Amino acid sequence: MNTDYWAALTDSEREQWGHAPRQTIGPLSFGMDRHDALTTMARHGFTAEQNEIERWNQGRSQWRVQFHRAEADRWKRPAVKCYFVEDVGLTCVLVDGLRGPQVAYEGIRLIGRVPAWGEGARGQLPPDISG
C-alpha cells in the first residue's frame with residue numbers, strides 16, 4: 001500500500017487562503033466560470049484534471065475539476081475539487097485536509113486541523129459559518 005497518499009502537508013508547505021462565506025475561498029469566487037477558475041488556479045501553481053459528470057438537469061452540463069499542487073502530484077490526492085454548473089459557474093469547493101491549502105476565516109484555520117479542536121472552537125466561529 002502506498003502510504004504517501006495519506007501523507008499530510010505541513011503548514012509551511014500549504015498555500016494560505018482566506019475565506020468569505022458564500023463569496024470566495026482563496027483565489028476562487030463562487031459563480032466564476034470554469035475556464036476562469038482553471039486560469040486562476042494555474043497562476044497559483046495548480047494543474048487541473050476536469051471531467052464532465054452526470055447531469056441533474058438535461059439542459060445544463062456539470063463539471064468536476066480536480067486541482068493538484070503540481071504535475072508530479074497527479075497520482076496523489078487532489079488538493080482542491082471544484083464543481084461547476086453551466087451558466088451558473090462555481091457552485092462547490094472541497095479543500096482536502098491533507099493536501100489542500102490552509103483556509104482561514106477571521107484568523108481561525110479551517111483546514112487540516114485535528115477534529116477535536118474543531119469541536120472546541122465551534123463557539124468561536126461566527127453564526128454564518130458555524131451553522
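Our structure is the block above this text.
Residues numbered from 1 in each chain as written. Predicted model: local features only at pLDDT ≥ 70, side-chain atom pairs only at ≥ 80, totals over all residues. Heavy atoms only, no water.

Engineer: Explanation requested: the environment of Met32 in the structure shown.
Structural biologist: With respect to the helices and strands, Met32 occurs in the loop between strand S3 (28-29) and helix H1 (34-43). The spatial distance from the C-alpha of Met32 to the C-alpha of Leu90 is 5.3 Å, given a sequence separation of 58 residues. Setting aside anything within four residues of it in sequence, one finds Met32 in contact with Pro27, Ala37, Thr40, Phe84, Gly89 and Leu90. (Helix = DSSP H or I, 4+ residues; strand = E, 2+ residues; numbered from the N terminus. Contact = heavy atoms within 4.5 Å.)

Engineer: How should the nonpolar core be read in this particular structure?
Structural biologist: A general feature of soluble globular proteins is that nonpolar side chains tend to end up buried together. Residues Trp17, Leu28, Phe67, Val80, Cys82 and Val93 are the most contacted members of the largest nonpolar core, which totals 19 residues. Listed by contribution, the elements that provide at least two residues to this core are H1, strand S5 (62-68), strand S6 (80-85) and strand S7 (89-95). Filtering out sequence-adjacent residues up to four positions away, Phe67 remains in contact with Ala37, Leu38, Met41, Phe46, Thr47, Ala48, Pro78, Ala79, Val80 and Cys82. (Core = buried A, V, L, I, M, F, W, Y, C linked by side-chain atoms within 4.5 Å. Buried < 20%, exposed > 50% of the residue type's maximum accessible area, 1.4 Å probe, protein only.)

Engineer: Even after reading the chapter, I still don't get the sheet that holds strand S8 (residues 102-105), so can you show me in this structure?
Structural biologist: Sheet strands line up and pair through hydrogen bonds in the backbone, either parallel or antiparallel. Reading across the sheet, the five strands line up as S3-S2-S1-S8-S9 and stay open at both edges, with mixed pairing between neighbours. Looking at strand neighbours, the two that pair on one side only are S3 and strand S9 (108-109), the edges of this open sheet. Judged from the two bridges that link them, S8 and S9 form a sheet pairing that is antiparallel. Its bridge partner lying in S9, Ala104 is registered against Arg109. (Pairing = 2+ DSSP bridges.)

Engineer: Just to check I follow, could you spell out H1 for this structure?
Structural biologist: Structural remark: α-helix, 3.6 residues per turn; residues separated by three or four positions point the same way. For H1, the complete set of buried residues consists of Arg34, Ala37, Leu38, Thr40 and Met41. The buried residues of H1 occupy an angular sector of 170° when projected down its axis, which confines them to one face. The inward-facing, buried residues of H1 abut strand S1 (16-20), S3, strand S4 (47-53), S5 and S6. Residue Asp33 occupies the N-cap position of H1, its side-chain oxygen lying 2.9 Å from the main-chain nitrogen of His35. Positive backbone phi, approximately 90°, marks Gly45, located one or two places after H1. (Arc of directions from axis to C-beta. Polar contact = N/O pair within 3.5 Å; in protein donor to acceptor, adjacent residues only side chain to side chain.)

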